[in-house]
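Observations on chain architecture
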Amino acid sequence: MKPENISWDDLRFFLHVGRGGSLSSAAHTMVVSHSTAFRRLQRLEAEIGVRLFERSRAGYTLTEAGQELMEVAQDLERGIHTAARRIGGRDAWPGGVVRITTSDTLMHSMLPPILAAYQAANAVQVHVSTSTALSDILRGEADVALRAGGRPPEPLVGRRVCRIESTIYHARSLTGVNMDNLAQFPWVAGDESFAHLDSSKWLARQGLDRVTAIRTNSHINLLNLLKSGAGLGVLACHMGDAEPTLRRLMPPRKDWRSDLWLLTRTELRNVPRIKALFDAILQGQVPQGDGVGG
């Protein structure tokens, strides 16, 4: 097989056959005749040297080799669409496009004013994702990540922005709470996606799982539930301290601290719009004090 002989049109056609399960559906989508569709598929299989589909009266089913090619072709399709969107937006956004992945908690607090000022000053289009996966940036699906955690993996470069501290909070309307009667009150906690956090491990060791009434995969959900009086829970101090209806139960625990990292890939570190975003975040209004410290 010579990869340079495979055309994108043939791969697009292959994608439509795989998705629709028939030549006729692909022919209709690509606006070609059934015979042309058949010849295209034959040509692609000849170039690759393997059968991509099993034919039957029920339609076309991907072979094992076809499934592998489908995954590659889908990745290529996503890449082409992403490039087209970014290139197509250059006239409207002369500064380019910046894709940032972060957490819902940071978008709830410190990031919106910083991003708004950055966008206005640099004539860029900003794409914000609150996905929890650091692999977004490792796979090239984001340009910049702002994440809490330990030192980042080697393929990434960046700066430690500040230190985030956490403690236990509850609504001021929930009275009589102290460190000696924690199990007498309901708790609100993270689900399995929070299991890696030191605070979640502490809750489990204290046996508080058995009085956890509500679990959620979002710190914002947890914040709102605590404000409503649903129970006790752990929050980052920059979130909990900003809510007048909430009360700290104890000082922040040192073993619950985490660092906030601003990250990008090595090849992007000197791109002007990326450098400008780093400067905007590092010089921005990051909450200080014992809730978030530098």
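The structure this text deals with has already been given above.
Let me sum up the structure you'll find in this document. All values derive from a computational prediction rather than experimental measurement.

1. Structural notes on the pattern of salt bridges
Evaluated as defined, the whole model comprises 10 salt bridges. Its salt-bridge partner being Glu45, residue Arg55 comes within 3.0 Å of it at the nearest N-O pair. With Arg55 in strand 1 (residues 53-56) and Glu45 in helix 3 (residues 34-48), this pair connects stretches of sequence that are 10 residues apart. Given the relative accessible area of 30%, Arg55 is considered partly exposed. Glu45 sits in the buried class, given a relative accessible area of 11%. Of the charged contacts, one joins Asp209 and Arg215 as a salt bridge, the two residues approaching to 3.4 Å between their closest N and O atoms. Through salt bridges with shared partners, a single ionic network connects Arg160, Arg163 and Asp259.

2. Some points on the environment of Gly79
Here Gly79 shows up in helix 4 (residues 64-88). Gly79 sits in the partly exposed class, given a relative accessible area of 40%. Distance from Gly79 to Gly140, taken between C-alpha atoms, is 9.6 Å for residues 61 residues apart in sequence.

3. What to know about unusual backbone geometry
Despite not being glycine, Ala123 shows a phi value in the positive range, around 50 degrees. Mapped onto the secondary structure, Ala123 falls in the loop between helix 6 (111-122) and strand 4 (125-129).

4. Quick look at the side chain of Thr216
For Thr216, the location among the structural elements is in strand 9 (residues 212-216). Of the polar contacts made by the side chain of Thr216, one reaches the backbone nitrogen of Ser218; its length is 3.2 Å. When neighbours within four sequence positions are excluded, Thr216 is seen to be in contact with Ala189, Gly190, Asp191, Phe194, Asn221 and Leu222.

5. Some remarks on the packing of helix 6 against helix 11 (residues 272-282)
Where helix 6 contacts helix 11, the two axes come as close as 10 Å, and the packing angle between them is 140 degrees. In terms of their interaxial angle, helix 6 and helix 11 are classed as oblique. Of the two possible hands of crossing, helix 6 and helix 11 adopt the one that is right-handed. Contacts between helix 6 and helix 11 involve Leu111, Ile114, Leu115, Tyr118 and Asn122 on the former and, on the latter, Arg273, Ala276, Leu277, Ala280 and Ile281. In terms of residue class, the contact of helix 6 with helix 11 is built from 8 nonpolar, 1 polar and 1 charged.

Calculation rules
- Residues numbered from 1 in each chain as written.
- Predicted model: local features only at pLDDT ≥ 70, side-chain atom pairs only at ≥ 80, totals over all residues.
- Heavy atoms only, no water.
- Salt bridge = Lys/Arg side-chain N within 4 Å of Asp/Glu carboxyl O.
- Helix = DSSP H or I, 4+ residues; strand = E, 2+ residues; numbered from the N terminus.
- Buried < 20%, exposed > 50% of the residue type's maximum accessible area, 1.4 Å probe, protein only.
- Polar contact = N/O pair within 3.5 Å; in protein donor to acceptor, adjacent residues only side chain to side chain.
- Contact = heavy atoms within 4.5 Å.
- Axes fitted to C-alpha atoms, helices over the stretch in contact; angles between N-to-C directions.
- Parallel < 35°, antiparallel > 145°, perpendicular 65-115°, else oblique.
- Left-handed = near helix turned anticlockwise from the far one by under 90°.
- Nonpolar A, V, L, I, M, F, W, Y, C, P; charged D, E, K, R; others polar.

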